[in-house]
Amino acid sequence: MKWWNRFLRNPVIEKEFRQRMRRRRTPWLVALYLLITGVISFAFAYLSTPDGQFLRPDESQMLFLVLAVVQLVMMAFVIPGLTAGLISGERERQTLPVLLTTPLSSTSIVMSKLISSLSFMVILLIATVPLYAIMFLFGGTSVFQLIRVIAHLIVSIFFMGCLGIFFSSLIKRSAIATVVTYISVAVIGVGGFIAHRFVTMWMDRSRMNEGKIQEHSLILEWLEGLNPIMSLIETYFNTSMFYVFQGEDQLSGFFIFTSTYSLLGVVLLLFSIYFLSPLRWQRWGNSGG
C-alpha cells in the first residue's frame, strides 16, 4: 500500500483534485450533464411509446443505445476541453519551469494531471448508471451488455484524455491545442464514418470479384471497429449493423476498438512525457550510449 499512499500524497494530483472539486461550477456541470442526457433519453422514450404504453423490450434496447451514444458524444465535447490545457496552461501561466524543478518526474506530472481530469468524467459516468438501470425495468438488456458498453466508454475516455494531453504537451497555446484536439476527435468520428460509407460503395461495385470483396470486407471491419459510435452499436448488439458480409471469421468491433485505442492512448502518453521534458530524455540517451 506504500505506492498507493505515495500516489495520493502526490502534490500535483492533490492540488488538481481540490481545485476541481471545490469549484462552484463543478456540481452545476454534473447537474447539467445529467439533465441533458436524461432529457434526451426520456424524450426518446416518450416519442417511442404513444398512448401512454409501456416500453417494449426492443424499444428499451433502443433507448439504452441512444443513452450510450448521447453520452459518448457529450464526452467528445467535454474531455478535450478538460485535458487540452493541462500542460499548455502551465506554460501560459509560466509555472511549468517551476513544476519541472520539483522532485516529481515528468511521468508523475503527466499521469497526475490526466487522472485528476479523467476522474471527473468517471464521476459523470457513474452518475449516469441509474439512468441505465432504469432500462432493466423494461427488459431487453443484460448485465453483460451494460458491462461491455461501460468498458467501451471507459476506453473512449482514456483515449480522448490521452489525445488532449498529448496536444497540450506538443502545442504551447491552450486555445490551439483545444481546437486541434476537437478536430482530431471529429476526424476519428465523422471521418471514419465517411470512409466506411465510401468503402461500402466501393464494395458494391466489386461484388463480382470475390477477392476484392474479401479485401474490402477486412477494411470495413477495421473501419467499423475504429469508429466510436459504430463500434459502440456493435458492442451492444454483439453483431454488426453496418457490415453486410458477415461470417464466422469476422473480427469483433469491441475487440478492435478497445485494443487499438488502449494501445494508442499509451503511445500518446509516452509522447506526452517526452515533449514535457525532452532534456531528461536526451540525458538518459547520452548516459545509455
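Residues numbered from 1 in each chain as written. Predicted model: local features only at pLDDT ≥ 70, side-chain atom pairs only at ≥ 80, totals over all residues. Heavy atoms only, no water.

Student: So what's going on with the pattern of salt bridges? Which residues, and what values?
Tutor: For the coordinates displayed, the defined rule picks out 3 salt bridges. The closest approach of N and O atoms between R93 and E90, which form a salt bridge, is 3.3 Å. On the accessibility criterion, R93 (54% relative accessible area) is exposed. Between E90 and K113 there is a salt bridge, with the nearest N and O atoms lying 2.9 Å from each other. (Salt bridge = Lys/Arg side-chain N within 4 Å of Asp/Glu carboxyl O. Buried < 20%, exposed > 50% of the residue type's maximum accessible area, 1.4 Å probe, protein only.)

Student: I'd love a proper account of the side chain of H152, names of residues and values included.
Tutor: Position of H152 relative to the elements: it lies in helix α9 (residues 143-170). Within polar-contact distance, the side chain of H152 engages the backbone oxygen of P228 at 3.4 Å. (Helix = DSSP H or I, 4+ residues; strand = E, 2+ residues; numbered from the N terminus. Polar contact = N/O pair within 3.5 Å; in protein donor to acceptor, adjacent residues only side chain to side chain.)

Student: Describe α9, naming the residues involved and giving the relevant values.
Tutor: Over its 28 residues, α9 extends 41 Å from the first C-alpha to the last, a length consistent with the 40 Å expected when each residue adds 1.5 Å. Along α9, 20 of the 28 residues are buried, which leaves the element largely enclosed by surrounding structure. (Expected span 1.5 Å × (residues − 1).)

Student: Go over the confidence of the model for the protein chain, please, and point to the residues and values.
Tutor: Here the protein chain averages 77 in pLDDT, and 76% of its residues register 70 or above. Counting interchain partners and residues more than four positions distant, the pLDDT-below-50 stretch residues 281-289 has 3 contacts. (pLDDT = per-residue confidence, 0-100. Contact = heavy atoms within 4.5 Å.)

Student: Outline a nonpolar patch on the surface, listing residues and values.
Tutor: A grouping of L32, L35, I36, V39 and I40 is seen on the molecular surface, where their side chains present a nonpolar patch of about 420 Å² in accessible area. By the element assignment, L32 lies in helix α3 (residues 25-48). L32 gets classed as partly exposed once you look at its relative accessible area, which sits at 45%. (Patch = residues over 30% accessible without salt bridge, like charges linked within 9 Å, V, L, I, M, F, W, Y side chains within 5 Å. Areas by Shrake-Rupley, 256 points an atom, 1.4 Å probe, with all protein chains shown as cover.)

Student: Report on the environment of K172, specifying residues and quantitative values.
Tutor: Structurally, K172 is set in the loop between α9 and α10 (174-205). C-alpha of K172 to C-alpha of G85: the two residues are 87 residues apart in sequence and 9.3 Å apart in space. When neighbours within four sequence positions are excluded, K172 is seen to be in contact with S88, R91 and E92.

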